[in-house]
Structure formats: structure tokens, C-alpha cells
Amino acid sequence: MKVRVMEIVIIGSGNLATQLSLALSEAGHHIQQVYSRTAEHANELADKLGCTYTTSIDEISQNADMFIISVKDDAISRLAEKVGRNAKNGIVVHTAGSISIDVLKGKAQHYGILYPMQTFSKNRKVDFKPIPCFLEASDEETLSVIRSLAESISDNVVLANSSQRKKIHLAAVLACNFTNHCYRLAEKVLKEEQIDFKLFLPLIDETAKKVSELNPKQAQTGPMVRYDVGVMNMQIDLLNDERTKQIYRLMAESIHEDATSADDTFHPQKA
């Protein structure tokens, strides 16, 4: 299918802005310009994209099909107001999971959301094709354009209103950021005994793979499911950090309560 090439300005140069702009460029779209407050970051991304950059809001190009704002949540409104004022017929979108589409209302004639739900790092390339991209727009015509752009990089484009997207982002934080922090806590425990965290990668991989075949409740195992108090108390005593002990206790209670709640599909398994 032939992709309509769009002229795009990227507002931001962080993790998501970097990976999204690279994916769009690889899909055949033309990134005109990168804006960032930090010249070094703007220049770094612009070099990768082969385009110009600016650190001045007043110098942002006005002739683009799409202005993609991918910055910290608290900066979206301010930037949208300035970008939207000069966007002419271009569409202004933001990429945030938790920020309502209303933050763009009155700031641009055509506006919307393109929220790719994935964890991004600047220097780790991702395959955008399976990434869910959640869309919302000010009107049907604008939605059609944003959808066309999203479908040029993702095979998993979904409509979601602002209320749904907030819950989606919350769930993403629980599933990704909370989980990754547990990896970090595990790494600290292992470091005390000079044990390589990489030895845990097969366990982590299998844990992630299981939920493609079982729901998370069915996949849960371990002493908390069985409520093996002796093992849990021993493990709490092994922890040197009081906050980590609190996290362990809260997680233990939550896992056990969920495991014993009414659900005929659940069958405890031993780890």
C-alpha cells in the first residue's frame, strides 16, 4: 500500500520523540525539523534524521502536515499554544498517555493524540509494527490523517478516548515501570552476594512469555500464592532496606488476596 508522505515537525528530543521520529522517517515521511530547548539534544536527533533543528519556539517551521509534541506532560499545554498558533492547516498532536485531548482544544484548529504504548530508550531501537498506537482526534477528518500516519508505522492502531487512555497508561506503568523496579530491587539483593543479575534473564523471559498463554492470575506462582509464612518471613529478614521490606509485605498481601479471590480459571502452581 502506498503511504502518503507527510511533512512533520518533531517537538521534543527525548526517548519517545527519538524512536517515533526515526520510525516515521524509515516509513518514508519527511521530518522537516526538530525542536528542543537543549541544542545538544536537538542536534543529535536532527543529525540522525538528516534535518534542521531549533531551540527557539519562534523559529519552528509553520509549513508541515503534522506537529508532534513529545515532551514532558507539564510542558504540553504551553508548547501547544505556541505551535498551534502558527500551525496553519497542520495537525497538532501530543503523544502522552495521561494527558487529555482537551489540553489542545482552542490551541489548534485540528488536533489529536498519537500515544504509542511501549517503553522507549533513545539508543535502543524498537520495532514499531507490533506496538499499540492509541488515537483520538478533534474531528473525523483529522482522525483519518492521524490514523494514516500511525498505520504507516504500526499494525496495531486502536481508538481510545482520553478517559480510556489514562487507564491504559496507568496499567502500562504497573506492568512496565513497577515490574522493572522489581528487577532493580532483585539486582540489589544479588549484588550483596556478587551474583550476576544476567543469570535471572531466563526467569524474566519465561515470566513474560507465560502471560501470552495464561492470564496473569493463572501465571502467578511462589510462596505468596501458597501463603508460605515461614518462607516469606525468612525472606523479609534477609532484606536490609526497610522500604523494600514494606514493598515485599504489600506485594505478598496483594498476591495472596488475588490468588484466593473467586475465579474458577485459577489453579495455583508451584515455583
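Structure: above.
Residues numbered from 1 in each chain as written. Predicted model: local features only at pLDDT ≥ 70, side-chain atom pairs only at ≥ 80, totals over all residues. Heavy atoms only, no water.

Participant: What am I meant to see in the overall build of the protein chain here?
Facilitator: Of regular secondary structure, the protein chain possesses 10 helices and eight strands. Each principal axis of the C-alpha atoms in the protein chain carries an extent, and together these give about 65 × 40 × 35 Å. Among the 271 residues that make up the protein chain, the fraction classed as buried is 41%. Carbon together with sulfur atoms contributes 50% to the accessible area of the protein chain, which is approximately 15800 Å² in total. The distance from the centre of the 31 positive side-chain charges to the centre of the 35 negative ones in the protein chain is 3 Å. (Helix = DSSP H or I, 4+ residues; strand = E, 2+ residues; numbered from the N terminus. Buried < 20%, exposed > 50% of the residue type's maximum accessible area, 1.4 Å probe, protein only. Areas by Shrake-Rupley, 256 points an atom, 1.4 Å probe, with all protein chains shown as cover. Lys, Arg positive; Asp, Glu negative; His and termini not counted. Charge placed at Lys NZ, Arg CZ, Asp CG, Glu CD.)

Participant: For this particular structure, what's the right way to read the sheet that holds strand β1 (residues 7-11)?
Facilitator: Across a sheet, paired strands are connected by hydrogen bonds in the backbone, their directions being either parallel or antiparallel. Read across the sheet, eight strands follow the order β3-β2-β1-β4-β5-β6-β7-β8 without closing on themselves; strand pairing throughout is mixed. If you trace the sheet from one side to the other, it starts and ends with β3 (52-54) and β8 (156-159), each paired once. Here the average twist between neighbouring strands, direction ignored, is 25°. Judged from the four bridges that link them, strand β7 (residues 132-137) and β8 form a sheet pairing that is parallel. Its bridge partner being in β8, proline 132 is matched across the sheet by asparagine 156. Contacting β2 (30-35) and β3, helix α2 (residues 39-49) crosses the sheet at an angle of about 165° to β3. Seen against the sheet, helix α3 (residues 76-85) touches β1, β2, β4 (66-69) and β5 (91-94) and runs at an angle of roughly 165° to β4. (Pairing = 2+ DSSP bridges. Axes fitted to C-alpha atoms, helices over the stretch in contact; angles between N-to-C directions. Contact = heavy atoms within 4.5 Å.)

Keep in mind these numbers describe shape, not what the thing actually does.
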